[in-house]
Each structure stands twice: as structure tokens, then as C-alpha cells.
Amino acid sequence: MTTTTTPTALTSSEVGLNQGRLPRWSTPATIVAVVVLGALATLVLDAPVPLVVGLGVLALLVTLPALAWVVEGRRRANDRMWTVLVTLAFALALLPLLSLVITVTQNGLARFDWDFLTTDMRGVLGEGGGALHAIVGTLIITGLATVISVPIGIMTAVYLVEYGRGRLARAITLLVDVMTGIPSIVAGLFAFALFAIFFGPSVRFGIGGAVALSVLMIPVVVRSVEEMLKLVPNELREASYALGVSQWRTIVRVVLPTAAAGIATGVTLAIARVIGETAPLLIITGSTNILNTDPTDGRMSSLPIFTYYSYTIPGVPPEFGVERAWAAALTLFLIVMLLNLVARVVSRIFGSPTSR
Amino acid sequence: MTTPATTQVGGPLDQGPPAEPRIGSRNRTGDKIFSGTATAAGITILVTLAGIAAFLLYEGFPALVAPAEDVPGGEGFWPYVQPLLFGTVLAAVIALVIAAPLSIGIALFISHYAPRRVAAPLGYLVDLLAAVPSVVYGLWGIFFLAPQLVPVFRWLEQTLGFLPFFAGPTSATGRTMLTAGIVLAVMILPIMSGVNREVFLQTPRLQEEAALALGATRSEMIRMTVLPFARSGMVSGAMLGLGRALGETLAVALVLSPAAVISFNLIGSTNSSTIAANIALNFPESSGLAVNTLIATGLVLFTLTFVVNFIARAVVARRKDFSGANA
Amino acid sequence: MAKRIDVKDLDIYYGSFRAVEGVTMSIEPRSITALIGPSGCGKSTFLRSLNRMHEVIPGARVSGSVLLDGQDLYGAGIDPVSVRRHVGMVFQRPNPFPTMSIYENVVAGMRLNGGRGVRKAEMDGIVEGALQGANLWNEVKDRLDRPGSSLSGGQQQRLCIARAIAVKPDVLLMDEPCSALDPISTLAIEDLMDQLKKDYTIVIVTHNMQQAARVSDRTGFFNIAGTGKPGKLIEMDETSTMFSTPSVQATEDYISGRFG
């Protein structure tokens, strides 16, 4: 990182008005050429894909600036190289996303059927079986976590925006930030350590999982609701006060409804964030093969845990377990994407900007 | 009251609720209850964080004071946690080294290179990476990424084998420390590029225009104004990413095949585990003092991430009106 | 209904900063009083102190007294929330509640204060009365269920006035109510003020001297000695006197544009 470099060569001699420019088509043409060469290398010479991608990147990095250097001069060449670098960085980030989507869909579709969604694993050793118990478990645990987190999160945000002054508010703001960084497995250990005191060291149940997820969810809810409440114009609060309305009624009847769409978006994104959490549930809810709808009693499966164990303990023969793992991963992926989509649509329709 | 007399518009309507004749000190119980509830919710946060530290300490304490031979591994707690701590930091540092330059590039692309119309949807695509569940990352790492990387590792061993990092012999499965680091890098890209994007966009427009007016090219303008302006933001973004990489569990647990060693060899088949992955792998089958030991390692991890996050937030806090918490 | 206001030796502070110093004035019921003066002279702060709205800013406090028909608004045990039910306010920029319809905006004060139990027919009557009172009824009577933000700026401001008078206050404070409006809407509001005068005590802060001259019965001139100094009431008199033969030189300078 050369953040302090001040270009010293900002002289007019180098960027003359009559200086040569590369034609507009030069960039796309170079890219097409490199891609075609790379494809040929992969198909004909059977070169390993990562190597080809790496070499292609290098080729782009060299050719475009080199061309520019010849025609446009050093500073332009430098600029082109940066453009290539920055664009490549972005494209590189999209690669894993693309490959994730493709891999999960390809592998998951094999067992993503009605049977998978409507049966549990009772008595299944090899082929067949489904994730009903895991889907229901995920919905119950995440639902409970939402019920715990949303009121606490919203009220904390209300405190920070509407009431918070002085040291307590500053401390809470800082700690909410720190709480966003708590490793998920620590949240699971916390729930375990808490409930083990009352129920002994073999405690495993759904509510424990909900508590662990809440530790992860509350700070996310607080942050997004806080940002939404700050967007509510002060004039509306004043209009309400001027009608002789008390502060708490102003918050409940004016401020919160005005921010409602943004709050809904934030809560949905928070749910999407925790619904895929595996580590804490591994510790405190455990895993089971049968449908359990009672979060107060006994082990409860969930989609991430089901995915994890279907892969690590696949049964005999192992293919069927791995197939179920991918199908569960696909189910989870679809749920998370759906939640993200819902959040986008809510914020788009009701016109409230999200915090991102 | 169907036709209000026009002379009386807005005047006292006899049928209306009787206005209070005198200004009184009305009962403000509602306000007190509501603000009390809000304050209590805020204090819940404090209590929860204190509770996490307290309960982990309470349940982990037996392992800290137990005789060395009773702790798993038979050599006491600190020898047990050292290789794990090493693996945790190593994986996170690899992730950070890969993700830091990439996240700056991604953020610059969205803030200064992409056409304005597509910038927001592109940013949303990067954010989607944060939404993918970690167990899915784990499967992807094992089945897709690791096999793809094996030839690259071979090449690294042959070409750069004189470095301890690439000493080899190359793992046949590709499930190595470097693979885990790459998966972690992908996972922390969204939060880091999100923070960077936010600070880049805050560069004062006037400064940028001043640089352009001097005849700077776009890259020169970025190096003159955007990057120096965003330095502390980039540092704290990196710390946030580091904190997340330190605590990530399942992706590492699935990708690595761990052993209790300290090794700088990034592409071999013998790798250190991380604290979080070690807990996930061993907790379900543990009982007695082994559970206390795992909780104590959790306490070590909690302390580590707390410190890293605290530093990151302290750096951020010096910039007002800025929050990267939701990236 | 309309009540008189007597202000005695009022000082207004934000923390340790004294924003307004030593204001004493009487405001007659069923009249319009205009407050004029340069920016930052404390006239808006003073206006907001008449219904304790300035207390929204932490650290705000006053000394002295504001009597509403003899009752001190700052007396011990007086609830600021209750004060604001008696002294209504209209703001610089129209601010209807965006989540509520036109109808709901008008009854907001009543509903927000927990006024259930009021029959629907009664509520309808109050809405019609308030909208008639704000000269808005004919324009919106067919679309009372539309959002308040669907109206034009001038209509929104009259909706805010309707909302303020629906709770039947004794006094109506207006803080530059026309500064965000076009000339035609401004004229509509000024006409409205003239009608409202029959039932309310009105105090208006304005930067527009023609407006003060057109609508008000009495005018008060605020001024400030310099940055960081408190604002003071320099002079207060019948509007016609103020604009023709003010007794203080600073007033004459300000009114004729020669201040500074």
C-alpha cells in the first residue's frame, strides 16, 4: 500500500493535449484475446484451471499497461494497470460466489425432492430419509431466537437513540459493537455453561440454541434499528410533542411506525444471518434423527447440524449421506437467499433505505 | 355535529371531550415505564457480555487448576491450548493477508470505478457472500476448492519449496492450512470490503476534485486523496475481518484434518487445528474435565477476539458518524 | 379558549450559555403577535419556550415566569407535555406524520393522547371542524384516507395547522410557518391566520417584514449584541407604530434594512 506516495510527475509535458490515445476497443479486445487463449489452454492442453486463471490475470496485467505505455506514456500506463487490478479484484470476489451457487445447486438437486422435505431420518441407514426434523427444528429455534432478540434489540435501539445520554449509553454502544464480533462458538459455549449450571453437563435442548443465537442476533438488530430510528426526522418528534403527546407515545405511535419498513428489513437480515449458524447449535442443541417439536425437552436437529453430520457421519454406504448433506445445504442456501430477497423487497417497496 | 358553524370553526366543540380546565401535572407513569424498559433492554447487553465472561470462567476454571495429567493430552492446559492458538492465529493471518488487498480493490471498484447505476447491485452481490452459511462454505471448501488447489500446491512445493511455508510434501486431498485460510478470506471479504467502501465514499468530494483539477489520473487521485483519507477506516476494517476469521468454526472444522502440532507448513497434510474448530470437533463426545478444558479454550478465544474487536472499534470511534457494524 | 400570556423577566439557557435575556411582554388574547429580528437573535428560542418545546434539547432551562391566564407554565409540578396540549405549535417546514392518512393526522393529537372512547361521528365532526378551520376541508374532503404527504407543501402546512387546532389549544405558536412555501400558499396561510385570530391567541415568528406588517396586531423586535451574547427584546408596540415611528434606533435600522 503506497498511501503516502504523492505523484511528483504532474507536469504538463507528460500529458500533452495532442498525446496519443488507445482506441476504445483496445481494452475489450485484449480481454477477449486473453480469455480465448485461456480457454484453448484448458481445453487443448488440459492445463489446471487455477493455473490458467492465474496466468490470464497476469497476461492482462502486463498487456494493457504495456500497450498504454507505448502509445500513451508512463502515467496513463500506471492508471490502466490500477484499473485492471481493481476490476480483477472485484471479479475475483465474484468467482467464489458463482462457484458456490453452482456447486451447491449441482450437488443439492440430486436429493432435493418432496420426500426429502417431508420425512425425517427415523430408521434410515442408507438410501432415502429426509430433513423434515431439521427444517422444523431450524424454524423453531430461529423463531424463538427472533422472539427473544427483536424486543430486546428494538428497545435497546430506542434507548440509544431516544433516551441514551452519558456514560451508560456510550458503554452500551461500544459493547454492542464488540458483541457483533463474538465468535459463534463462544455464544454456544455461553448458553451451555449457563444451562449446565441448572440442568447438568448433558443439557441439550432447543431453547438453549435460541439463547445462543440471540447473543449473535441482538447486536445485529440493535445496529440496524438504531440506524433506522436515526433516519426518522426530528421534525416529526417535535410535531408530536407540540400536540402535547408524551415521549413514550410519540415513540410508539410516530417514530416506530415511521421506521417500520426499515426495522422489518433489518430484522429479516438478522434472521438470515443466524439461521445458518452451526457451531452454537452443535454445542447446545445437539442432533437427533427424529422430529422433535418441543424446544424445552431434549435434542433437536437443525439444517446446519443436519448438513454437518450428514457429511461427517454419512452412514453406510456413504454416498447417500453426502447427497443428503448437499440437499440440506441447498435448502439452507435457498432459505437464506429468500430472506435476503424479502428484505430487499420490503425496503424497496416501502422506500426506506437499508443500512448497507 | 354534522354542520359545524363556520363562525365557530376550530372553536370549542361542545360535544368534544372536555378540555382540561387548568394545566396540571399529569401522571407520567407511562413515560417512566417505557424509558425504564428501554434502559433495562440496554443493560441486558451489559449483563449478557459480563455473563459470557463469568460463565465461561466458572465452567472453564476447573481445567485451569486441574493437575496436568488430567487435562486431555496429559500435559496440562497451556501445552494443550498452544498449538490451537497458533493454528487459530495462523489461519486468520493467512485470510487477512489474502483478503486485505482484495477487499481494497473490491471497495475501490464499487466506490470509484463501476458505473454509478450498477455500483449498488454489485455491492449487494458481494454482501451475499456474507449470507452464505459457514457449513456450506465448509462443504464447498472440501469438494470444490481443495481438489482445485492440489496442482497449485504441487507447483508451489516445486518452485518455492525452499520456504518453510511450502516445504511440502503436498497433501493429496488439498485440505490444508492454506485452503482453510483461503476459505476464511472469502468469508471475511464482505465485511472488510463493506467497511472500506463506506470510508472510500466518505472522501470529501472537494479533495477529489482538487486532485483531478491538478491533472491527476484516476489512480493518482485515489492515491493522493482517497487512500490517505481512509487509512484508519481500512485498519479497523482489517481488524474486524481478523476478529471474524479468528472465531470462524465450521468451515475450518470441515476443511482441515487437524493434528496437535505447531507447523508453518501451509500445504502439508499435518496441520494445526484452531480453537473454534477443535471445540466443534470434540465437544459433542466430551465429558467431565474435557468439557471444562474446551470451555477454557473458548474463554481464550473470547478474550482474543474481544481484544481485536475492541481495538478495531476504538480506531473506528475516532472517526465520527461512522459505523461498519452492518457490513 | 384564547388566553393571555404574560412573560416576566424570562432568561433562557442552554447549559451555561444564555440564549435569551430578560424578556418581559404581554400578549393579548384573540390577537396576532409577530416576533421579528435577525437570525440567531433568540426569537425562535423564545417562541419555543412558550410551550416548553425548547426543553427537547438537553440542558435547556429558564428563569423567570410565563403566565397563561395567571398560571405559571414553569411552576412546580407542571408537566411540559400538558403545557403543549394548551399551547399548540406549527413549524417552519410542514411535517405531517408520513405513516398516517389526512384524517389520522388531524385526530393524531387526540388519538396519540389515548383519546379512545370518542365516538366515530364525534371524531368526524372534529376532523371536519378542524379542516374547515384550516381552510382545507373543500380541497381534501374526498380523500381523507390518502396519506398526508400526498398534499402540496401549502396544503401540508394547513393540515399541520388543522392538526394543531384539533386539540383545541388556547394559544397557537407559529415558527416561520410560511418560509418553505410559495407566495400563493403563503397568502392562504395569512388569510387563515386572520380567521383563526377570532378564537386563538397567535404568536408568529417571521423573517418577512411585510408579512409581520400585514397580519399582526403587535410586533416585538429581538436583537443580539454580537455572537455569543444573549438575545434581547428591544422594543414591542402596535404593529402600525413599530413600522412607522419606532422609538428605538436599532428597530428603525432593522425595519428599513440598515442594520449592522
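Conventions we followed
Residues numbered from 1 in each chain as written. Chains lettered and ligands numbered in written order. Predicted model: local features only at pLDDT ≥ 70, side-chain atom pairs only at ≥ 80, totals over all residues. Heavy atoms only, no water. Helix = DSSP H or I, 4+ residues; strand = E, 2+ residues; numbered from the N terminus. Rg over C-alpha atoms; globule rule 2.2 N^0.38 Å. Buried < 20%, exposed > 50% of the residue type's maximum accessible area, 1.4 Å probe, protein only. Areas by Shrake-Rupley, 256 points an atom, 1.4 Å probe, with all protein chains shown as cover. Lys, Arg positive; Asp, Glu negative; His and termini not counted. Charge placed at Lys NZ, Arg CZ, Asp CG, Glu CD. 1 Å grid on protein atoms, 1.4 Å probe; cavity = no way out; pocket = protein on both sides within 12 Å on 5 of 7 lines; lining within 4 Å. Points joined across faces, edges and corners; volume = space filled by probe spheres on them. Contact = heavy atoms within 4.5 Å. Buried area = accessible area lost by both parts, 1.4 Å probe. Salt bridge = Lys/Arg side-chain N within 4 Å of Asp/Glu carboxyl O. Polar contact = N/O pair within 3.5 Å; in protein donor to acceptor, adjacent residues only side chain to side chain. Nonpolar A, V, L, I, M, F, W, Y, C, P; charged D, E, K, R; others polar. Pairing = 2+ DSSP bridges. Axes fitted to C-alpha atoms, helices over the stretch in contact; angles between N-to-C directions. Parallel < 35°, antiparallel > 145°, perpendicular 65-115°, else oblique. UniProt positions renumbered as here; feature names shortened; annotations may be inferred. Patch = residues over 30% accessible without salt bridge, like charges linked within 9 Å, V, L, I, M, F, W, Y side chains within 5 Å.

1. Some thoughts on the overall build of chain C
From N to C terminus, chain C includes ten helices and ten strands. For 260 residues, the compact-globule estimate of 2.2 N^0.38 gives 18 Å, and the C-alpha radius of gyration of chain C, at 18 Å, lies within 12% of that figure. In terms of its C-alpha atoms, chain C occupies a principal-axis envelope of roughly 55 × 45 × 30 Å. Within chain C, the proportion of its 260 residues that are buried is 59%. When the accessible area of chain C is evaluated, it comes to approximately 10000 Å², of which 48% is carbon and sulfur surface. Positive and negative side-chain charges in chain C, numbering 29 and 30 respectively, have mean positions lying 5 Å apart.

2. Quick look at empty space enclosed by the protein
Applying the stated criterion to the full structure yields seven cavities of 30 Å³ or more. When its volume is computed, the largest cavity comes out at roughly 570 Å³. Considering the residues around the largest cavity, the lining is formed by 34 residues, among which Ser-184, Arg-273 and Glu-277 of chain A together with Arg-244 and Glu-248 of chain B are closest to the centre. Only helix H6 (166-180), helix H8 (206-231) and helix H11 (260-275) of chain A together with helix H3 (116-131), helix H4 (134-160), helix H5 (177-201) and helix H8 (231-247) of chain B provide two or more residues apiece to the lining of the largest cavity. If one sorts the elements of the lining of the largest cavity by residue count, H5 of chain B sits on top with five residues.

3. A short note on the interface of chain A and chain B
In this assembly, 95 residues from chain A lie in contact with 94 residues from chain B. Note on chain A versus chain B: buried area summed over both sides is about 8600 Å², and carbon and sulfur give 77% of it. Here chain A is connected to chain B by zero salt bridges. Taken together, the connections running from chain A to chain B amount to six residue pairs in polar contact (both at pLDDT 80 or more). Counting residues per element, the side of chain A that touches chain B draws most heavily on helix H3 (residues 74-108) of chain A, which supplies 18 residues. Grouping the constituent residues of the side of chain A that touches chain B by class yields 63 nonpolar, 23 polar and nine charged.

4. Some details on the sheet that holds strand E9 (residues 218-224) of chain C
Residues and elements named next belong to chain C. The strand order across the open sheet built from ten strands is E5-E4-E1-E2-E10-E9-E3-E8-E7-E6, with neighbouring strands paired in mixed fashion. In the strand order of this sheet, the two ends are held by strand E5 (71-72) and strand E6 (87-90), each with one partner. Looking at chain direction, strand E3 (residues 32-36) and strand E8 (residues 201-205) are connected through four bridges and run parallel. When the sheet's bridge partners are listed, Leu-35 is paired in E8 with Val-205. Running at roughly 170 degrees to E6, helix H6 (residues 153-166) makes contact with E6 and strand E7 (171-175) of the sheet. Against the sheet, helix H7 (residues 183-196) makes contact with E3, E7 and E8, and its axis sits at roughly 150 degrees relative to E8, the strand it touches most.

5. Some details on the packing of helix H2 (residues 77-113) of chain B against helix H10 (residues 275-282) of chain B
Residues and elements named next belong to chain B. Interaxial distance between H2 and H10 falls to 7 Å at its minimum, and their mutual angle equals 120 degrees. When the interaxial angle is binned, H2 and H10 end up oblique. Only Ile-275, Asn-278 and Asn-282 of H10 make contact with H2, whose side of the interface consists of Tyr-80, Val-81, Leu-84, Leu-85 and Thr-88. A class-by-class count of the residues in the contact of H2 with H10 yields five nonpolar, three polar and no charged.

6. Describing the UniProt feature "transmembrane region" (unreviewed entry) in chain B
All names here are of chain B. Mapped onto this numbering, the UniProt entry annotates "transmembrane region" (unreviewed entry) at residues 33-58, 84-110, 122-146, 176-195, 249-269 and 289-312. Taken as a whole, residues 84-110 contains 100% helix and 0% strand, while its terminal C-alpha atoms sit 37 Å from one another. Secondary structure across residues 249-269 divides into 29% helix and 10% strand, with the first and last C-alpha atoms of the span separated by 19 Å.

7. Some words on a nonpolar patch on the surface
On the surface, a nonpolar cluster with roughly 760 Å² of combined accessible area is contributed by Val-32, Val-36, Leu-37, Leu-40, Leu-43, Val-44 and Leu-45 of chain A. Its place among the elements puts Leu-37 of chain A in helix H1 (residues 26-45).

8. A short note on the environment of Val-23 of chain C
Residues and elements named next belong to chain C. Mapping Val-23 onto the fold places it in strand E2 (residues 17-27). Given the relative accessible area of 0%, Val-23 is considered buried. Excluding its chain neighbours within four sequence positions, the residues that come into contact with Val-23 are Val-7, Lys-8, Asp-9, Leu-10, Phe-46, Phe-222 and Leu-233.

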